Amino acid sequence: MDAVDPVVVESAAALARHLRQGRDRRLAVLEWFAEAGMPVRPEAVQVPEPPLGAVRQALVWVLERSVSHRLVKFARSAAGTGEEGQDALYATAGRLMTPRRGAANPALVRAALEAGEDVPVEAEGPDSRSMVHVVAAIGLGVEEVGAEALAEAFGAFGMFGMTAEDWAQMLGAAERGEGPPMDWGLLEQHADVVGPVKRASDEELLRARTVLVGLRGFYGLYVMHGLLMPDTPALAALRQRIDEWGMFPLLDHLIAFSPSPGQFAEAMAACLQPLFDGLYEVLMEQLSADSDIFRLPGDETGAVGFGEKWMRAMAELREGRQAVTRTAGPVDGPPE
């Protein structure tokens, strides 16, 4: 008998890892595609790519069933129906959207931990539910939603590091004719997540996955700064690049470390856009310019010394918290 092609064997094994009884095969294809894009150790076997035509079909199938796509479709169907349609849209969004707050600002978290304090409430990211105003603007029209509601939504999304107050001033000025007009056509253009995936070439899909995997790593480094990870000039430079673009809130919205197929599909669609591709290029250039992200200045032990310092910081934090608890003693109950 002829030997079985190892690629066929590995492909069958990859598909089997993600298939389960009663599960749609398209979900398994997406998980297989995600796994094939992950870096592997030198001695490990690279997972072969699934057929990219099947990947594209799976992405479209998942995106067409996503909450964001369904809400935009519902909003467009409600156009011209007045307050009744708007009320129906907001009620539907309330049922479909899962409340989610963004990650706490890592710099504020780190400062609180180093000072032995609780993380301040203002360090928490804003509630994402206000993004329904953007959906309403896409379907019902910007004039039906108003500048104030859109400013709240854009501020909650953290777009380009601007607050809701910043957006309110900008949108209000544009509405009164006192500032540059807003190109609301871009909002409609970016609302279509399915079309770009349908039109993407195989090379563009692979590039979007590369961008997504890379941005996930850079986002992780940014977040771990809040967990007392030792700082180095190279790490600080990467965070500065992200801050210059005002992109941490957008990355926080995009990145999931263990994404569901739906989250992966939406992130893939976003990474087809020039904004995320451009950020990835900038960060890769910065990493090439200074790749010693895990080397402390003056420490020749490299990553070993970096890791040891991180573990000491976490141990000191834990011991400090335990000492505070012991000093405080038991909490008295209410008086009789």
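Fair warning: this is a prediction, and the values are worked out from it, not measured in the lab.

Chemist: In this structure, what is going on with the overall build of the protein? I would like to understand it.
Modeler: Within the protein, the secondary structure is distributed over 18 helices and zero strands. Here the protein holds 336 residues, and the buried ones make up 41% of them. In the protein, 68% of the contacts between residues at least 6 apart in sequence involve partners at least 24 apart. Carbon and sulfur atoms make up 56% of the accessible area of the protein, which totals about 19,100 Å².

Chemist: Just to check I follow, could you spell out the side chain of Gln286 for this structure?
Modeler: Its place among the elements puts Gln286 in helix α17 (residues 274-289). Among the residues examined, Gln286 registers a relative accessible area of 13% and is labelled buried. The contact partners of Gln286, leaving out residues within four places of it in the chain, are Ala237, Leu238 and Arg241.

Chemist: I keep staring at the nonpolar core and nothing clicks. Help me out?
Modeler: Burial of nonpolar side chains together is a common tendency in soluble globular proteins. Counting 77 residues, the largest nonpolar core has Leu30, Leu59, Val134, Leu215, Met268, Cys271 and Phe276 as its most contacted members. Broken down by element, the residue count for this core peaks at nine residues, all from helix α13 (residues 202-224). The residues touching Val134, leaving out its near neighbours within four places in the chain, are Leu150, Ala153, Phe154 and Leu187. Counting residues in hydrophobic clusters, the runner-up holds six residues, among them Ala14, Leu15, Trp32 and Val47.

Chemist: Could you clarify how one ought to interpret the pattern of salt bridges in this entry?
Modeler: Side chains carrying opposite charge are able to pair once their charged atoms draw close together. Counted according to the given criterion, the structure contains eleven salt bridges. The partner of Arg209 in a salt bridge is Glu49, and the shortest N-O contact between them spans 2.4 Å. With a gap of 160 residues between them, Arg209 in helix α13 and Glu49 in the loop between α2 (25-36) and α3 (52-63) connect regions that are remote in the sequence. Close ionic contact of Glu178 with Arg176 constitutes a salt bridge, the shortest N to O distance being 3.1 Å. Connected through salt bridges with shared partners, the residues Arg207, Asp277 and Glu281 form a single ionic network.

Chemist: What is the right way to read the packing of aromatic side chains from this model?
Modeler: Per the counting criterion, the structure on display carries six aromatic pairs. Ring centres of Tyr222 and Phe248 lie 4.5 Å apart, and the angle between their planes is 15°; this geometry places the pair in the stacked category. Of this pair, Tyr222 sits in helix α13 while Phe248 sits in helix α15 (residues 248-254), and the two are 26 residues apart along the sequence. Given a relative accessible area of 9%, Phe248 falls into the buried group. The lysine or arginine in question, Arg209, covers the ring of Phe33, its NZ or CZ lying 4.3 Å from the ring centre.

Chemist: Any chance you could explain the side chain of Asp277 here in plain terms?
Modeler: Note on placement: Asp277 falls in helix α17. Reaching out from Asp277, the side chain makes a polar contact with the side chain of Arg207 at a distance of 2.9 Å. The residues touching Asp277, leaving out its near neighbours within four places in the chain, are Arg207 and Val211.

Chemist: Got a minute to help me understand the environment of Val134 in this structure?
Modeler: Structurally, the position occupied by Val134 is in helix α7 (residues 132-140). Looking at Val134, the relative accessible area reads 7%, which means it is buried. Separated by 57 residues in the primary sequence, Val134 and Ala191 have C-alpha atoms spaced 9.4 Å apart.

Chemist: Sorry if this is basic, but what is going on with helix α5 (residues 82-96) here?
Modeler: Because an α-helix packs 3.6 residues into every turn, residues spaced three or four apart end up facing the same way. Along its 15 residues, α5 runs 21 Å from first to last C-alpha, staying within 8% of the 21 Å computed at 1.5 Å per residue. Among all positions in α5, only Gly85, Gln86, Leu89, Thr92 and Ala93 are buried. Viewed end-on, α5 has its buried residues packed into an arc of 125°, placing them on one side of the element. Among the exposed residues of α5, those pointing more than 90 degrees away from its buried face are Glu83, Glu84, Asp87, Gly94 and Arg95. In this structure, the buried side of α5 is in contact with α4 (67-77), α7 and α8 (142-145).

Chemist: So what exactly am I meant to see when it comes to α4 here?
Modeler: Within α4, burial applies to Leu71, Val72 and Ala75. All buried residues of α4 project into a common sector of 100° when viewed along the axis, lining one side. Across from the buried face of α4, at angles greater than 90 degrees, the exposed residues are Lys73 and Ser77. Tucked into the core, α4 has its buried residues touching α5 and α7.

Chemist: I would appreciate a short explanation of a negative patch on the surface in the present structure.
Modeler: Taken together, the side chains of Glu83, Glu84, Asp87, Glu143 and Glu144 present a region of like negative charge at the surface. For the negative patch, the elements supplying multiple residues, two or more each, are α5 and α8. Within the fold, Glu144 resides in helix α8. Residue Glu144 is classed as partly exposed on the basis of its relative accessible area of 42%.

Chemist: Can you walk me through the environment of Leu108 in this structure?
Modeler: Relative to the helices and strands, Leu108 resides in helix α6 (residues 106-114). A residue is classified by how much of its surface remains accessible, and Leu108, at 38% relative accessible area, is partly exposed.

About the criteria used
- Residues numbered from 1 in each chain as written.
- Predicted model: local features only at pLDDT ≥ 70, side-chain atom pairs only at ≥ 80, totals over all residues.
- Heavy atoms only, no water.
- Helix = DSSP H or I, 4+ residues; strand = E, 2+ residues; numbered from the N terminus.
- Buried < 20%, exposed > 50% of the residue type's maximum accessible area, 1.4 Å probe, protein only.
- Contact = heavy atoms within 4.5 Å.
- Areas by Shrake-Rupley, 256 points an atom, 1.4 Å probe, with all protein chains shown as cover.
- Core = buried A, V, L, I, M, F, W, Y, C linked by side-chain atoms within 4.5 Å.
- Salt bridge = Lys/Arg side-chain N within 4 Å of Asp/Glu carboxyl O.
- Phe/Tyr/Trp six-rings, centres within 6.5 Å; stacked < 30°, edge-to-face > 60°.
- Lys NZ or Arg CZ within 6 Å of the ring centre and 35° of its normal.
- Polar contact = N/O pair within 3.5 Å; in protein donor to acceptor, adjacent residues only side chain to side chain.
- Expected span 1.5 Å × (residues − 1).
- Arc of directions from axis to C-beta.
- Patch = residues over 30% accessible without salt bridge, like charges linked within 9 Å, V, L, I, M, F, W, Y side chains within 5 Å.
- Lys, Arg positive; Asp, Glu negative; His and termini not counted.
- Charge placed at Lys NZ, Arg CZ, Asp CG, Glu CD.

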